Amino acid sequence: MEQNMQEKKRTDDINEQAAPEQNLIPVVALRGLVAFPHMVIDFEVGRTESRKAVDAALKGDRRIFLLAQRDASVTEPKVRDLYRVGVICEIRQVMRGRDGTRVLVEGLARAKAVKLTPPEERDYWEAEYKPLPNYGKNRSTPIEMQAIVNSVKEEYAAHCRLSRRIPREFAEMVLTEENAPQLFEAIWSNLDFDYHDRQIMLEEGSLFLRLTLLYAVLVRENEVLKVETELQSGVQMRIDQSQREMYLREQMRLISEELGDGDTTEPQQYLDQIDKLNASDEVKEKLRKEANQLTKMPSGSQEAYVIHNYLDTALSLPWGVTTKEKLDINKAAEQLDKDHYGLKRVKERVLEAMSVHAIQPKLTGQIICLVGPPGVGKTSIAQSVAKSLGRNYVRVSLGGVRDEAEIRGHRKTYVAAMPGRIIEAMRQAKSMNPLILLDEIDKLSGDFKGDPAAALLEVLDSAQNHAFRDHFLEVPFDLSQVMFLTTANNASLIPEPLFDRMDVIEINSYTREEKFRIAKEHLIKKQIKANGLKAAQIKITDAAVYDLIDYYTKEAGVRTLERRIASLCRKCAKTILTEDVKKVQYTPETLEKALGPHKYTEDYHTKTDEVGIVNGLAWTSVGGVLMPLEVLTMDGKGEIQVTGSLGDVMKESAKLAVSYARSVAKQHDINPELFKTKDIHIHAPEGAVPKDGPSAGVTMLTALISALSGIPVRHDIAMTGEITLHGKVLPIGGLVEKSMAAYKNGIYTVLIPAGNVPDLAELDETVREAIRFIPCETVETVLETALIPPHYDTKLEPLLEDEAQKLALSPIAMPRKRNTVKV
């Protein structure tokens, strides 16, 4: 009842639109598509007159008349080519793009075109229409209606069983529908009928007759599906029969071979290929032996399959095949500079290797290991090196490899045996002198199946790899002409014998300025092209690039930065298509709207001179970070508490710092009784991040002395270094990454061990010039530089013990005069 009232209201609305002075409506001719009331469809508008009709409807009341063509193949229909009964629809959405215009409409009511005006007169189709009710007067009895509904449901259920493409939940929903109009619309709109049948149902006003037509179409479609099912069953039977015949023929062939009627052409083909190989006599003799065994074996046997697999693999290797190298050093340098910004040491080392090879081509053993955090270009630089050298490039990923057979291969007698990754890489390279990248070599791990790192010793040893033996091949293979590049994130995880065979080049984290140059010169251009944009359609200002680096990435390399730039390009493409703009510009003000609030802020560190808080430096896999250390004293029994997810080595450094602080307490005007009456709490934020290593020794000691003496520590310095029990400062690792962390956070004075001074040469020139490094041999240099001494005109005498007790043993009870340190 409610639906009939809604249909009557819609018809009344259409009737109002059909007043004599307003009975004209734009028309779109559809090809192979029929609309229906209450149905939402979308279609592509390609013809000029159709686009103009849509535009005219948008300027008016957004209503448009959809008429189907009698013949979908007609591209320029005339009046006689269009049906007269169609549907008046309301335009819901218009999407314009480079590929065309798509229109989303909702059917309102049926109508009949009384008069059609072709586009020759109005630039688009226009019609004078007469509204029709969606459902005419029902002349059938309730029993007849129930009967046709049941029949339609029965045929629809059969259709669902035959097609198997209709979701079960939807089918159950349709079959339980009792309302006849809704049943018709659910089936009509979700089955793929011929558009001529749909047009006939649309023109029929009686619901009973529509259901009758729908029943007839379902019966016909089900008959077609039954025939298709029978055809498929017949085809399957033929396939089974052909497989049976093949099996019988194979048996006949085996019987024939048993009788001595074997085929010797295939072994002879192998022998001919072996004779043409540019390999050693040992290799040829082994391959001939295997090929001759084929003549004595049934071709379908398992042993014959093993030999076939072995010979196919061995003959596919590039025995004696080499590529011509490019030895123009200047062009190679230009290629490397074009592909990568920075990485001067890597490029210099590669050019040195090329220069030596140009002078002495027979020199071998050039194995370079690139060590650095993720995303700094270790893998991609290998591709550029191969391109500049003119060598074929193959990448071998070693991450997670823990089986020695992955490197050396399996014995060919095993089921599914195959060569190792090195020989497989040579087969892919198709030359004896490729560039092979052994990626993530520090991720190798051994187990009861063997140690793959030990298997690599022969591969990377220039004295042995000229006769590398793979378990599958069982013959020597020359790897001496291969240029090996390896990559690692943490050099300490590489076994020492393997590490000793490589020339290690450390790639440092990118500075802020380097990331900016890489983004401007490489990443933005790459992502604009990858996302189908043009340079004139998007602009990312320099300030926005700096904000991307500072607030939306926290990494040593540029992978996340590239993903953020790609996200901006995608949002730009969406904005151009949906908001009809020609260019999108991103500034610091618009970044937050596009990418959300800032993801990262600067590392936590103190910004004021405070007691017991010192800025330390730490190394992580993604670069260096600032790591403040906090020390707090409180009344207690002299207990020491260490928090912050510290490892064993770092806990030992804390004990070492406490012991040394006790030994020099009087030198720094610290009452020795404090170690008995005060509890000491040492904390390293952030508490959830595990930390370990000895390089926080000077930081802990400085914070301890500050907390116990009450002397504040300068907030504008950072420090790193291991301490000994006698106050010596020992060298540490990761100085380059730690220095970059200080530079990024605006700290330009760094205290380092004197033994690390030679490492400063590896720093980026920008960082080296910006930061003042203070070498320290003993902790006294550290304390004199970091602590801010109080200014007193006279030296104060130490308080007596009873006076100190009266002052509740305050940490600043016994200060002394110090000289001011000028920095």
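Scroll up to find the structure this text is about.
This text gives an overview of the structure that appears in the document. (Residues numbered from 1 in each chain as written. Predicted model: local features only at pLDDT ≥ 70, side-chain atom pairs only at ≥ 80, totals over all residues. Heavy atoms only, no water.)

Turning next to a positive patch on the surface. Residues R70, R84, K112 and K130 make up a contiguous surface patch of positive charge. Here K112 shows up in strand β5 (residues 100–117). (Patch = residues over 30% accessible without salt bridge, like charges linked within 9 Å, V, L, I, M, F, W, Y side chains within 5 Å. Areas by Shrake-Rupley, 256 points an atom, 1.4 Å probe, with all protein chains shown as cover. Salt bridge = Lys/Arg side-chain N within 4 Å of Asp/Glu carboxyl O. Lys, Arg positive; Asp, Glu negative; His and termini not counted. Charge placed at Lys NZ, Arg CZ, Asp CG, Glu CD. Helix = DSSP H or I, 4+ residues; strand = E, 2+ residues; numbered from the N terminus.)

A word on the pattern of salt bridges. Taken as a whole and judged by the stated rule, the model has 26 salt bridges. For R92, the salt bridge is made with E90, and the minimal N-O distance between the two is 3.8 Å. The exposure class assigned to R92 is partly exposed, which follows from its relative accessible area of 45%. Of the charged contacts, one joins D542 and K520 as a salt bridge, the two residues approaching to 2.9 Å between their closest N and O atoms. One end of the pair, D542, is in helix α20 (residues 542–551); the other, K520, is in helix α19 (residues 512–530), with 22 residues separating them in the sequence. Among the residues examined, D542 registers a relative accessible area of 38% and is labelled partly exposed. (Buried < 20%, exposed > 50% of the residue type's maximum accessible area, 1.4 Å probe, protein only.)

Structurally, M740 can be placed in helix α26 (residues 735–744). Here the alpha-carbon distance between M740 and D764, two residues 24 residues apart in the chain, equals 8.8 Å. When sequence neighbours within four positions are dropped, the list of residues in contact with M740 reads N508, S509, T511, D764 and V767. (Contact = heavy atoms within 4.5 Å.)

With parallel pairing, five strands are arranged side by side in an open sheet as β8-β9-β12-β7-β13. A single partner strand is all that each edge strand has here, and the edge strands are β8 (393–397) and β13 (503–506). Going from strand to strand, the sheet's axes swing by 20 degrees on average, the running direction of each strand aside. Where strand β9 (residues 435–439) lies against strand β12 (residues 483–488), four bridges are found, and the strand directions are parallel. When the sheet's bridge partners are listed, I436 is paired in β12 with F484. Contacts from helix α13 (residues 344–359) reach β7 (367–371) and β13, with the element oriented near 150 degrees to β13. (Pairing = 2+ DSSP bridges. Axes fitted to C-alpha atoms, helices over the stretch in contact; angles between N-to-C directions.)

Okay, the pairing of strand β24 (residues 772–776) next. Bridge analysis of strand β23 (residues 749–753) against β24 gives five bridges, and the strand direction is parallel. Across the sheet, P753 pairs through a bridge with C776, a residue of β24. Considered for its hand, the β-α-β crossover made up of β23, helix α27 (residues 765–770) and β24 is right-handed. (Right-handed = clockwise from strand over helix to strand, strands pointing away.)

Moving on, we get to helix α6 (residues 180–190). The element α6 is extensively covered by neighbouring structure, given that eight of its 11 residues are classed as buried. For α6, the set of buried residues is A180, P181, L183, F184, E185, A186, I187 and W188. At the N-terminal end of α6, a side-chain oxygen is found 3.1 Å from the backbone nitrogen of Q182, two or three residues along, and the residue is N179. (Polar contact = N/O pair within 3.5 Å; in protein donor to acceptor, adjacent residues only side chain to side chain.)

Next up on the list: the packing of aromatic side chains. Under the definition given, this model contains six aromatic pairs. Plain terms: the ring middles of F516 and Y546 are 4.3 Å apart, the flat faces sit at 5 degrees to each other, and that makes the pair stacked. With F516 in helix α19 and Y546 in helix α20, the pair connects residues that are 30 residues apart, well separated along the chain. Residues Y743 and Y748 carry aromatic rings whose centres are separated by 6.3 Å and whose planes lie at 70 degrees to one another, so their mutual orientation is edge-to-face. Looking at Y743, the relative accessible area reads 22%, which means it is partly exposed. The class of Y748 is partly exposed, set by a relative accessible area of 40%. (Phe/Tyr/Trp six-rings, centres within 6.5 Å; stacked < 30°, edge-to-face > 60°.)

In this section: the environment of P119. With respect to the helices and strands, P119 occurs in helix α3 (residues 119–122). Taking the C-alpha atoms as reference, P119 lies 9.2 Å from S50; in sequence the two are 69 residues apart. When near neighbours in sequence (up to four residues on either side) are disregarded, P119 contacts E49, Y124 and W125.

So far we have only geometry, and geometry alone does not tell us how the molecule works.
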